[in-house]
Amino acid sequence: MNIPAELKYTKDHEWVKIEGDTATVGITDFAQKELGDIVYVEVETLDQTLDKDEVFGTVEAVKTVSDLFLPLSGEIIEFNEELESAPENVNSDPYGEGWMVKVKISNPAEVEELLNSEQYKELIGA
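Note that the structure is a prediction, hence the values are computed from the model and not measured.

A.B. asks: In this structure, what is going on with the overall build of the protein? I would like to understand it.
C.D. replies: When helices and strands are tallied, the protein shows 4 helices and 9 strands. Over its C-alpha trace the protein gives a radius of gyration of 13 Å, about what one expects of a compact globule, namely 14 Å for 126 residues. Looking at the 126 residues of the protein, the share that counts as buried comes to 48%. Intrachain contacts of the protein at a sequence separation of at least 6 include 60% that bridge at least 24 residues. Carbon and sulfur atoms make up 43% of the accessible area of the protein, which totals about 6,500 Å². Side chains of the protein give 9 positive and 29 negative charges; the mean places of these two sets differ by 8 Å.

Structural data, given as structure tokens:
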């Protein structure tokens, strides 16, 4: 199971990479394995400001559709448009080419509420 130490995580199985006041968000290796083959990623919240834990999109796998929850309050400033034609990148490279959105963080204090890699490993029993 790939759980990079430099990232932050949520109980909803999203990963967060913090760079200044911007957070890159995707789903974890654990999440993509649980979902199976991903066939579609939908994000209709580009340029919207959302609160932490609000739904920012959905990910559709062969057998299920799951909501994507924003791990930090802020404005969705970028969507990984590559996922429109290659949603399988979420399966093959969840922490790289499979990133989903970039968020301009509006409440930096929320970063402290995210899980570190050790806490996330405990959550999933890894």
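A.B. asks: Can you walk me through the sheet that holds strand S9 (residues 101-105) in this structure?
C.D. replies: One key point about sheets: their strands pair by backbone hydrogen bonds, in either a parallel or an antiparallel sense. If you trace the 6 strands from one edge of the open sheet to the other, you get S1-S2-S3-S9-S8-S5, paired in antiparallel fashion. The open sheet has two free edges, formed respectively by strand S1 (8-9) and strand S5 (49-50), since each of these has just one partner strand. Of the strand pairs in this sheet, strand S8 (residues 74-79) and S9 are connected by 5 bridges, and their pairing is antiparallel. Following the sheet pairing, Glu75 is matched in S9 by Lys104.

A.B. asks: When you look at the packing of aromatic side chains in this model, what are you seeing that I'm missing?
C.D. replies: Overall, the coordinates contain 2 aromatic pairs when judged by the stated rule. Aromatic pair Tyr9 and Tyr120: ring centres 4.8 Å apart, planes at 15°, arrangement stacked. Taken together, the residues Tyr9 in strand S1 and Tyr120 in helix H4 (residues 117-124) connect sequence positions 111 residues apart. Note on Tyr120: relative accessible area 1%, which makes it buried. Between the NZ or CZ atom of Lys102 and the centre of the ring of Trp99, over which it lies, the distance is 5.2 Å.

Cut-off values and rules
Residues numbered from 1 in each chain as written. Predicted model: local features only at pLDDT ≥ 70, side-chain atom pairs only at ≥ 80, totals over all residues. Heavy atoms only, no water. Helix = DSSP H or I, 4+ residues; strand = E, 2+ residues; numbered from the N terminus. Rg over C-alpha atoms; globule rule 2.2 N^0.38 Å. Buried < 20%, exposed > 50% of the residue type's maximum accessible area, 1.4 Å probe, protein only. Contact = heavy atoms within 4.5 Å. Areas by Shrake-Rupley, 256 points an atom, 1.4 Å probe, with all protein chains shown as cover. Lys, Arg positive; Asp, Glu negative; His and termini not counted. Charge placed at Lys NZ, Arg CZ, Asp CG, Glu CD. Pairing = 2+ DSSP bridges. Phe/Tyr/Trp six-rings, centres within 6.5 Å; stacked < 30°, edge-to-face > 60°. Lys NZ or Arg CZ within 6 Å of the ring centre and 35° of its normal.

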